[in-house]
Amino acid sequence: MKFGTSLMTLFGFCMLGSIFFTTAWAETHHHTFIVKETPCTRLCHTKNILTVNGQFPGPTIYARKGDTVIVNVINQGKKNITLHWHGVDLLRNPWSDGPEQITQCPIQPGANFTQQMHLIYEEGTLWWHAHSDFDLATVHGPLIIYPKQGTVYPFNKPHKEFTLILGEWWNKDVNKVLEEALQSGAEVQPSDANTINGQPGDFLPCSKNNTVKVHVEQGKTYLLRLINAALSNEFFFNIANHHLTVVGTDGSYTKPYATDLVFISPGQTMDVLIKANQHQNSSTPSRYYIAARPYIGNILVSYDANITTAILEYETNYTKISAPPLLSPLPAINDSDTVAIFSGGLRSLADKNHPIDVPQTINEHMYIVASLNIISCHNNSCKGPLGGRFAASLNNVSFETPQISILSAYYYSIPGVYTTDFPDNPSHYFNFTEDSNPTNYLTKKVTKVKMLNYNTTVEIVFQGTNIGPENHPMHLHGQSFYVVGRGSGNFDKKKDPLTYNLVDPPKENTVAVPKNGWATIRFRAVNPGVWYMHCHVDRHVSWGMNTVFITKNGKSADAKMLPPPNDMPPC
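Because the structure is predicted, anything quoted here is derived from the model rather than measured.

Chemist: Tell me about the pairing of strand S31 (residues 529–535), residues and numbers included.
Modeler: The element S31 is largely enclosed, with a buried count of seven among its seven residues. Alternating positions in S31 separate into two faces, Gly529, Trp531, Met533 and Cys535 on one and Val530, Tyr532 and His534 on the other, with burial throughout. Pairing geometry for strand S26 (residues 472–476) and S31, over three bridges, is antiparallel. Residue pairing for S31: Leu476 is matched across the bridge by Met533. In terms of strand pairing, S31 meets strand S32 (residues 546–551) through six bridges, oriented antiparallel. Looking across to S32, one finds that Trp531 is bridged to Phe549.

Chemist: Residue-level account of the nonpolar core, with values.
Modeler: Ile460, Phe462, Met474, Val511, Phe523 and Met533 are the most contacted members of the largest nonpolar core, which has 43 residues in total. Aside from chain neighbours lying at most four places away, what touches Phe462 is Ile368, Met474, Val511, Val513, Gly517, Trp518, Ala519, Ile521 and Met533. Ala63, Trp128, Ile145 and Ala409 belong to the second largest nonpolar core, which has 41 residues in total.

Chemist: Tell me about the sheet that holds strand S13 (residues 234–239), and name the residues and values.
Modeler: On the basis of which strands lie adjacent, the open sheet formed by five strands has the order S11-S19-S18-S13-S16 and mixed pairing. Because the sheet does not close on itself, it has two edges, and the strands there are strand S11 (213–216) and strand S16 (262–264). Ignoring which end each strand starts from, the neighbouring axes of this sheet average 20° apart. As defined by bridge partners, S11 adjoins strand S19 (residues 308–314) across four bridges and the pair is classed as parallel. Paired with Val216 across the two strands is Tyr314, which belongs to S19. Helix H2 (residues 336–344) contacts S13, S16 and strand S18 (287–295) of the sheet and is inclined by roughly 95° relative to S16.

Chemist: Can you tell me about the environment of Asn490, naming the residues and giving the values?
Modeler: Looking at where Asn490 falls in the secondary structure, it is placed in the loop between strand S27 (481–488) and strand S28 (507–508). A relative accessible area of 32% places Asn490 in the partly exposed class. Counting along the chain gives 58 residues from Asn490 to Phe432, while the straight-line C-alpha distance between them is 6.5 Å. Not counting the four nearest positions on each side in its chain, Asn490 is found in contact with Asn431, Phe432, Thr433, Gln463, Asp496 and Trp518. In terms of polar contacts, Asn490 uses its side chain to reach the side chain of Asn431, at 2.7 Å. Only 3.2 Å separates the side chain of Asn490 from the backbone nitrogen of Phe432, close enough to count as a polar contact.

Chemist: I'd like a description of a nonpolar patch on the surface, backed by residues and values.
Modeler: Nonpolar side chains collect at one region of the surface, where Ile404, Tyr411, Tyr412 and Ile414 lie side by side and expose about 340 Å² of accessible area between them. By secondary structure assignment, the location of Ile414 is in the loop between helix H3 (406–411) and strand S23 (445–446). Looking at Ile414, the relative accessible area reads 33%, which means it is partly exposed.

Chemist: Break down the sheet that holds strand S9 (residues 160–169) for me, citing the residues and quoting the values.
Modeler: Strand order across the open sheet formed by six strands is S10-S9-S12-S17-S14-S15, with mixed pairing between neighbours. Each of the sheet's edge strands pairs with one partner strand only, and the pair in question is strand S10 (193–196) and strand S15 (252–259). Across the sheet, the mean angle from the axis of one strand to that of its neighbour is 25°, orientation sign disregarded. Bridging between strand S14 (residues 244–249) and S15 involves five bridges; their strand directions are antiparallel. Across the sheet, residue Thr245 finds its bridge partner in S15, namely Ala258.

Chemist: Outline the packing of aromatic side chains, listing residues and values.
Modeler: Aromatic rings considered in pairs are described by the distance between their centres and by the relative angle of their planes. Enumeration according to the criterion identifies 24 aromatic pairs in this entry. Here Phe155 and Tyr253 contribute two aromatic rings whose centre-to-centre distance is 6.2 Å and whose plane-to-plane angle is 80°, an arrangement assigned as edge-to-face. Here Phe155, found in the loop between strand S8 (140–146) and S9, pairs with Tyr253, found in strand S15; they are 98 residues apart in sequence, far enough to count as distant. Each member of the pair Phe155 and Tyr253 is classed as buried. Measuring from centroid to centroid gives 5.7 Å for Phe236 and Tyr295, while their planes differ by 75°, and the two rings are edge-to-face.

Chemist: Describe the state of the cysteines, and please don't skip the residues or the numbers.
Modeler: Taken as a whole and assessed by the stated rule, the structure comprises three disulfides. Sulfur-sulfur distance for the disulfide between Cys377 and Cys382 comes to 2.0 Å. An S-S torsion of about -90° defines the bridge between Cys377 and Cys382 as left-handed. For Cys377, a relative accessible area of 14% translates into the label buried. With a relative accessible area of 13%, Cys382 lands in the buried category.

So, how was this worked out
Per chain, residue numbering runs from 1 following the sequence as it is written. The model is predicted, so local features are restricted to residues of pLDDT at least 70 and side-chain atom pairs to those at 80 or more, both for listing and for counting; the totals for chains, interfaces and linings are taken over all residues. Excluded from the side-chain calculation are hydrogens and water; included are all heavy atoms of the structure. For the exposure calls, accessible area comes from a 1.4 Å probe over protein chains only, and a residue counts as buried if that area is under 20% of its type's maximum, exposed if over 50%, partly exposed in between. For the purposes of this entry, the term helix denotes a DSSP run of H or I that reaches at least four residues, the term strand denotes a run of E that reaches at least two, and both are numbered from the N terminus. Pairing between two strands is assigned when DSSP locates at least 2 bridges connecting them. Definition of nonpolar core: a set of buried residues of the types Ala, Val, Leu, Ile, Met, Phe, Trp, Tyr and Cys, connected through side-chain atoms within 4.5 Å. The contact rule is simple, with two residues in contact once any of their heavy atoms fall within 4.5 Å. Note on definitions: angles span 0 to 180 degrees between N-to-C directions of axes, and those axes are lines fitted to C-alpha atoms, for helices only across the stretch in contact. Polar contacts, as used here, are pairs of N or O atoms within 3.5 Å; protein pairs need one atom able to donate a hydrogen and one able to accept it. Residues neighboring in sequence count only if both atoms are side-chain atoms. Residues forming no salt bridge and having over 30% relative accessible area are the ones grouped into patches, like charges within 9 Å of each other and nonpolar side chains (Val, Leu, Ile, Met, Phe, Trp, Tyr) within 5 Å. Only the protein chains shown count as cover for residues, and the accessible areas themselves come from Shrake-Rupley with a 1.4 Å probe. Criterion for a salt bridge: a side-chain nitrogen of Lys or Arg within 4 Å of a carboxyl oxygen of Asp or Glu. Side-chain rings of Phe, Tyr and Trp, where Trp is taken by its six-membered ring, are said to pair if the distance between their centres is within 6.5 Å; with planes under 30 degrees apart they count as stacked, over 60 as edge-to-face, and otherwise as tilted. Two cysteine sulfur atoms form a disulfide, by the criterion used here, when they sit within 2.5 Å.

See the structure below:
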C-alpha cells in the first residue's frame, strides 16, 4: 500500500531521517523516538534545537483505524520532556497522555518511557507534540490514521497526499524566551518567523533556497493534511488560484466544504482536497504560492505578522520559464468576520458509515469565562500591566501546576495535591465583550479540578472576553466533543441555545473561542481517567488558562481506568 509520496521532500529536516511506514496487514506499530539536541539554521542564525530523531519537524507515524501504536521515548536531551498524542482518546489509559505534572512526571535526561495508544475512534489527520515548557516549538510531527482495513475514504481516493505543518520559529532559545517572561511577569516575546514544515519561505532572510515545494500534475486531485503546530498564532491559509474542499477536522470527517481559504487555530488539523487544474498549457503559470498569515484580533499588541510560504509546482514536459509564483491575497490580519464565516460552515459528515452521537439531554452545564488577568507583585515590581504579572484563567481560576502529577494523586489517593471545586460558573459577571473591560482583573494561582461521574453528558459554554488580543483555542484531552454553537458578544442563555446545531455539528478536539464571543461544546464522559483541558496558546497555558476533568470509573470492567505501566517516570 502506498501512503503518499515524496513526503520526505516536504519537511524541512535539520537532519534527514526516516519516515515511518506501516504495511496494510500490520496491526501494531513500534517506534523509537530519541529526543536530542540538533543544530539547525533558520533566518541566517544557527542554534541547537530539541528534536525527535534529529528531524524538524519530527517523524510521521502512519497507522490505520483500529491499530495500536507503541512509542518508546528516549530522552537524550539536557532537559525534562513529555510527549502528547494530540486528539487520540486513549480509552481508559490516561497514563500515556503526556501532559507534564497532569498525567505524568516528565521523562528525565537519560531516561525513557514507553507510551501506547489504541486508535479506536480516530480517522484522519492528528499529530503528536511535546507537552512540557515551550518544547512543542520544535518537537512535533504528524499522526496519520487511514481507514481501517476493508473500508475506504468517504470521498474519491486522491492521487497523492501531502502534509503541511504551520509553526513558528524563534532565533533565541525558545525555553529561555519562556523563562524570561515568567521571571519578569511580562508578555512573551513574539516569534521571529512563521513556518511551513519548519521553513519560513520566500519572503524572509536566508530562507528562499529551502522553501518547501509541493509537486502536482494537472488534472489530479490531492489530499492536503494541514496541522497548526504554532505556539501562539492562528492562521489564514490559501493556495493561489486554487479552490479548497475541507473534508475533515481533528480526526473526524466533515461534509465537503468548498472554500477559497482555511482558518486554523493552534492544535487543530484539517483534511483538505485540492484539484490541480490551473496549468492548462505552457502559457499558463506553473507555480503558485501556498501561504499562511496570522490572525490577531487586536493589532495594537506585539505579534509576528510575517507571511510564510511554500510553493505548489506543476510537473511539465517542457523547459519551465523561471517566473515567480502567483500569490493570492489573504484576509486582513484582524478579519474576524472571515473567521466566523469559515468556522460556522463546518458540519460533521454524519452518514451511515460515520455516525455521530450528539448528547441531546445534558446532566452538567458549565459556563466558563476564558480571560487574561493580572497577579499583583510586591511594590508593583513586575513588568506586566500595572506593575503586576500576566496571568490567565478559566472562571477566574488560574491553574497552578502541582509538583506531583494529578493522575498519580487521584489514583493513589494522595491528599493535598488538588481540590475538586472548580467552579461551573464565573465568580462574578460583567459585560465580558465590551471595550472597557476591567484592566485590573485580578486572580490567584490554585489547583482546582472538576469531577465527572461516568457517562455524564456535559455542555460547556466558553465565553471569550476583550481582555487580551486573541481567540482561545480550547483543547480537551481524552475525548473529542461536538461544537454545537458559536456566536459573537455575550452568551444569552435564553436565545442562543435556540441556534444550536444538534444534528450534524463538527466533531473536534480543539475549538477556537472568539475573544469577543462564545462557543458551546457537548460531550459524554465515557473515558475514565484524568484529562487536561487548556488553551492551546502555550503562553496562556504557562499563565494558567487550564483545568482538569477527572472522569470516575463506571461499574463494568471495561469502564474502569487501566492500572499504570511499570515504567512510569518518577517525580
